[in-house]
Structures are given as structure tokens and as C-alpha cells.
Amino acid sequence: EAQVTQNPRYLITVTGKKLTVTCSQNMNHEYMSWYRQDPGLGLRQIYYSMNVEVTDKGDVPEGYKVSRKEKRNFPLILESPSPNQTSLYFCASLQGETQYFGPGTRLLVL
Amino acid sequence: GENVEQHPSTLSVQEGDSAVIKCTYSDSASNYFPWYKQELGKRPQLIIDIRSNVGEKKDQRIAVTLNKTAKHFSLHITETQPEDSAVYFCAASPRINMNRDDKIIFGKGTRLHILP
């Protein structure tokens with residue numbers, strides 16, 4: 001079954017404690033992306049990657065890092081999380097023009 | 001860069017009536033405009049899209065129109081049903097082929113309530 005998976009789905013952490021949210025797709029898509037969703041602000045792109053070892057900043061990249069060492073995985077790294085990074089995060093991969101979103105990761109930073 | 005404005009932020013319509021959600025964009029290079037539906041607690045899912053070489057596209061009860069001159073596009077849902085209740089997002093992208101160095105910019109969303 002074609003899908004995008006994210007882990008963990010829910011995470012509570014404390015300020016400054018490094019964390020990684022994993023994203024994996026099994027559709028051999030080249031383009032992958034991370035979004036955060038906040039009430040009243042919609043979906044905002046954090047980082048995207050057009051292929052292995054190619055990543056670019058989206059609209060809100062501050063405080064985040066990504067890597068794309070292999071095609072199927074695109075982890076999101078928060079080196080020193082802060083409360084303003086509390087949000088719902090979606091990973092997505094793209095085939096043609098259609099984006100397939102993962103199930104989301106709800107992150108709470110205390 | 002691209003900026004996408006979406007209105008209204010909340011919309012309530014009687015079941016069976018039509019709903020219209022409007023978006024405007026700023027970058028004249030944008031040429032691909034998808035719409036996503038996000039049900040409560042679920043992920044966004046593509047429901048319809050339109051490219052700049054087309055003025056209107058229809059899929060059953062859903063239609064999208066595009067006015068490139070005015071830089072706006074709209075989602076029309078006819079004969080609304082309870083299952084249409086969701087948040088709808090418009091988006092704009094400057095490339096048809098996303099294998100280029102381009103972002104996709106979303107509107108802030110419209111929460112649609114279908115009233116019984």
C-alpha cells in the first residue's frame with residue numbers, strides 16, 4: 001500500500017531537548033516536504049527536498065533541520081526545541097502535482 | 001515570494017445549498033492551484049486541482065474556477081452534504097512540474113460547516 005508514515009504520532013518534550021521526527025514514503029517519490037499546521041495560520045512549509053542530498057528552506061525554516069540521505073526518508077530535526085514549535089507537523093511526498101500527506105505528528109514543547 | 005489569501009475563514013451553509021471559497025495569489029508565475037480537504041483529526045487530501053491553461057474544472061459536485069488576470073481562484077461545492085464539513089485549503093505553486101526548485105504556498109484555510 002502506497003503511503004507516507006511519520007513517527008512518533010504524538011510527542012511531549014521539554015525545551016532544549018533534541019528530537020527527531022521521522023518520515024518515510026514507499027512510493028519512490030523524489031520530492032518530499034515538511035509542514036507545520038497552526039490554528040489560523042494554515043499549513044506552512046518548513047523545508048523541502050527535491051531529491052537525495054538536495055534540501056531547501058521553505059517559509060518557516062528557523063529552528064529546524066532536515067536531511068535526505070536516502071530517497072524514502074526525510075527526517076525533521078529540532079536541535080533545541082522551544083515552546084513556539086508546539087504544533088502539528090505533516091510530512092508529504094509528491095508525485096506529479098499530487099502531494100500525499102503523512103498522518104501528522106502532534107508535538108508539545110513544555 | 002508567493003502569498004495566498006483565502007476567504008472566508010469560516011463558512012456555514014444549509015445542507016443542500018452551495019458553498020464557495022475564494023483565494024487570491026500574488027505571484028503571476030504561479031500556474032498550479034490545488035485544493036485540499038482536511039477532516040477533523042485527519043491529514044489533508046487533494047480533492048481537485050487546476051492548471052493555468054484551464055479556466056474551470058469540475059468533478060461531480062466540486063468545481064474550481066481560475067481567473068489568471070485577476071489572480072484568483074475559487075472552489076464551488078454544490079448540493080452540500082454533512083460529509084462536506086471540513087477545513088479546506090487552497091494552494092498555489094509556480095511550476096506545473098514540481099521537480100524544480102519551488103515551494104507550494106497554502107492559504108490559511110476555511111472551516112466549512114454544513115448545517116442540517
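Heads up: these notes are all about the structure in this document. This is a predicted model, so every value here is computed, not measured.

Points about the overall build of chain A
So, point 1. Counting its regular elements, chain A contains 0 helices and 11 strands.
So, point 2. Reading the helices (α) and strands (β) of chain A from amino to carboxyl end gives β-β-β-β-β-β-β-β-β-β-β.
So, point 3. The C-alpha atoms of chain A give a radius of gyration of 13 Å, which matches the 13 Å a tight globule of 110 residues would have.
So, point 4. Expressed as lengths along the three principal axes of its C-alpha atoms, the size of chain A is roughly 40 × 25 × 25 Å.
So, point 5. Counting every position in chain A, which comprises 110 residues, the buried fraction comes to 52%.
So, point 6. In chain A, 51% of the contacts between residues at least 6 apart in sequence involve partners at least 24 apart.
So, point 7. For chain A, the exposed surface amounts to about 5000 Å²; the carbon and sulfur share of it is 51%.
So, point 8. The average position of the 12 basic charges and that of the 10 acidic charges among the side chains of chain A differ by 8 Å.

Comments concerning the packing of aromatic side chains
Think of a pair of aromatic rings as described by two things: how far the centres are apart, and how the planes are tilted against each other in angle.
So, point 1. Under the criterion given, the structure shown has 13 aromatic pairs over all chains.
So, point 2. Consider the rings of Tyr31 of chain A and Tyr48 of chain A, whose centres lie 5.6 Å apart with planes at 20°: the pair is stacked. One end of the pair, Tyr31 of chain A, is in strand 4 (residues 31-38); the other, Tyr48 of chain A, is in strand 5 (residues 42-51), with 17 residues separating them in the sequence. With respect to burial, Tyr31 of chain A and Tyr48 of chain A carry one shared label: buried.
So, point 3. Ring centres of Tyr35 of chain A and Phe106 of chain B lie 5.3 Å apart, and the angle between their planes is 85°; this geometry places the pair in the edge-to-face category. Placement of the pair is Tyr35 of chain A in strand 4 and Phe106 of chain B in strand 10 (residues 105-106), with the two residues belonging to separate chains. When sorted by exposure, Tyr35 of chain A lands in the same class as Phe106 of chain B, which is buried.
So, point 4. Put simply, the rings of Tyr35, Phe90 and Phe101 of chain A together with Tyr36, Phe89 and Phe106 of chain B touch in pairs and so form one group of aromatic residues.
So, point 5. Above the plane of the ring of Phe74 of chain A lies Arg68 of chain A, whose end atom (NZ or CZ) is 5.9 Å from the centre.

The rules behind these values
- Counting starts from 1 at the beginning of each chain's written sequence and moves along it residue by residue.
- Key to labels: chains lettered from A, ligands numbered from 1, both in the order written.
- Restriction of local features to residues with pLDDT of at least 70 applies here, the model being predicted, together with a cutoff of 80 or more for giving and counting side-chain atom pairs; totals for whole chains, interfaces and linings are based on all residues.
- Just so you know, side-chain values use all the structure's heavy atoms and leave hydrogens and water out.
- For the purposes of this entry, the term helix denotes a DSSP run of H or I that reaches at least four residues, the term strand denotes a run of E that reaches at least two, and both are numbered from the N terminus.
- A radius of gyration in this sense is built from C-alpha atoms; the matching globule rule multiplies 2.2 Å by the number of residues raised to 0.38.
- With a 1.4 Å probe rolled over the protein chains alone, any residue whose accessible area is under 20% of its type maximum counts as buried; one over 50% counts as exposed, and the rest are partly exposed.
- The contact criterion used throughout is that any non-hydrogen atoms of two residues lie within 4.5 Å.
- For every accessible area listed, the method is Shrake-Rupley and the probe measures 1.4 Å; residues are considered covered only by the protein chains on display.
- Note that His is not counted, nor are the chain ends; the positive residues are Lys and Arg, and the negative ones are Asp and Glu.
- For charged residues, the charge sits on one atom: NZ in Lys, CZ in Arg, CG in Asp, CD in Glu.
- Each aromatic pair joins two rings of Phe, Tyr and Trp (for Trp, the six-membered one) with centres within 6.5 Å, and gets the label stacked for planes under 30 degrees apart, edge-to-face for over 60, and tilted for any other angle.
- The criterion is that NZ of a Lys, or CZ of an Arg, lies within 6 Å of the ring centre and within 35 degrees of the ring normal, and then a charge sits over that ring.

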